[in-house]
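# Examining the three-dimensional arrangement
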Amino acid sequence: MDAELLLAHATGRTRAGLLVLDTVDGPVAERFTDLVEQRADRVPLQHLTGRAPFRYLELAVGPGVFVPRPETEQIVEWCLARLTGVAEPVVVDLGTGSGAIALSIAHEHPGARVTAIERDADAIEWTRVNAAARAAAGDRPVEVLGGDMTDPGLLRALDGRVDLVVSNPPYVPDGARLPREVADHDPPLALWGGPDGLDVVRGLLGTAARLLRPGGALGIEHADQQGTALPAVVRAHGGWADVADHVDLAGRPRYTTATRVAGAGGD
Ligand SMILES: C[S@@+](CC[C@H](N)C(=O)[O-])C[C@H]1O[C@@H](n2cnc3c(N)ncnc32)[C@H](O)[C@@H]1O
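The text that follows walks through the structure, step by step, so that each part is easy to find. (Residues numbered from 1 in each chain as written. Predicted model: local features only at pLDDT ≥ 70, side-chain atom pairs only at ≥ 80, totals over all residues. Heavy atoms only, no water.)

## Regarding the pattern of salt bridges
The full count for this structure, using the stated rule, is 23 salt bridges. Where Glu181 meets Arg42, a salt bridge forms, and the shortest distance between an N and an O atom there is 3.1 Å. Separated by 139 residues along the polypeptide, Glu181 in helix H7 (residues 180–185) and Arg42 in the loop between helix H2 (26–40) and helix H3 (45–49) bring together distant segments of the chain. Residue Arg42 is classed as partly exposed on the basis of its relative accessible area, which comes to 36%. Put simply, Asp199 and Arg202 hold a salt bridge, and the shortest N to O gap is 3.3 Å. Taken together, the residues Asp199 and Arg202, both in helix H9 (residues 199–211) and three residues apart, mark about one turn of the helix. For Asp199, a relative accessible area of 41% translates into the label partly exposed. In the salt-bridge network here, residues are joined through shared partners; they are Asp2, Arg39, Arg42 and Glu181. (Salt bridge = Lys/Arg side-chain N within 4 Å of Asp/Glu carboxyl O. Helix = DSSP H or I, 4+ residues; strand = E, 2+ residues; numbered from the N terminus. Buried < 20%, exposed > 50% of the residue type's maximum accessible area, 1.4 Å probe, protein only.)

Quick look at the structure:
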């Protein structure tokens, strides 16, 4: 599969277009060989093609930004279901990376007013490239802002006004063994989440609690092994109802959701 996609990339064809390709030679063959060698050395496919498919979008990616994963598509589905019937929902994506979640929500819910937060100065360059491309394609522009999702001063103007906060935060426990594609090519800030992987989650709960209106929704992606621990952290934080965990299409625990309780106040 990867070899076919790299050949399609090197020849400028679609994958189906390879069916009628007889020979490849000259500089294109050299380029293809080089791409295959890099992939064999565990450079991510998406860094070699410069593109990552995510739901209905194709995002620009490369060194400096987390490659969006198919399993994250599921939490977007949940966000859209929660926003059904809300004409102009206010949405915040914390730790947006390529912008995959934020830009998908803007694309699939044309009324959504989406703000995307990213702390990493390299990653946010990619967010801005993708956000500009989607706005040029006709989607409602997403506001891209540099910031720390654990900062008590973040987005103060939106306190109590947000309908949905979503995050795919860094959640890998310190010291975990990762494939070379991930360990060597995804940015460290996108991966590591402290001893149990939940340090950033603990920090973002206060931000989400402050931003959400009563009845507003929170969705947080997590690692396979955190399907019990993350809901427990949310319950312990207090002020949340309907705390639930959800599996992805492979049946693995993948994200926790909750509803902000009226009268709980912000932290
Ligand atoms: C796992 S990646 C997810 C990126 C994207 N949302 C996705 O689903 O593909 C986590 C992102 O959060 C960013 N990040 C990490 N800590 C952060 C913080 N304290 N505040 C804001 N962004 C942060 C990382 O730089 C990275 O882009």
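## Details of the packing of helix H4 (residues 73–83) against helix H5 (residues 100–108)
With their axes 10 Å apart at the nearest point, H4 and H5 run at an angle of 40 degrees to one another. Comparing their axes, H5 and H4 come out oblique. Helix-helix and strand crossings are classified by hand; for H4 and H5 the assignment is right-handed. Residues Ile75, Val76, Cys79, Leu80 and Leu83 of H4 lie in contact with H5, whose contacting residues are Ile101, Ser104, Ile105 and Glu108. Looking at the contact of H4 with H5 residue by residue, the class counts come to seven nonpolar, one polar and one charged. (Axes fitted to C-alpha atoms, helices over the stretch in contact; angles between N-to-C directions. Parallel < 35°, antiparallel > 145°, perpendicular 65-115°, else oblique. Left-handed = near helix turned anticlockwise from the far one by under 90°. Contact = heavy atoms within 4.5 Å. Nonpolar A, V, L, I, M, F, W, Y, C, P; charged D, E, K, R; others polar.)

## Let's talk about the site of the ligand
Close contacts around the ligand come from 18 residues, with Gly95, Glu118, Asp148, Met149 and Asn168 the closest. Between Gly95 and the ligand, the recorded distance is 2.9 Å, taken from a backbone N or O atom to a nitrogen atom. At 3.3 Å from a nitrogen atom of the ligand is found a main-chain nitrogen or oxygen belonging to Arg119. Bound to the protein, the ligand loses 98% of the 590 Å² it would expose on its own. Among the residues making up the shell around the ligand, the classes are represented as eight nonpolar, six polar and four charged. (Near = heavy atom within 4 Å. Polar contact = N/O pair within 3.5 Å; in protein donor to acceptor, adjacent residues only side chain to side chain. Areas by Shrake-Rupley, 256 points an atom, 1.4 Å probe, with all protein chains shown as cover.)

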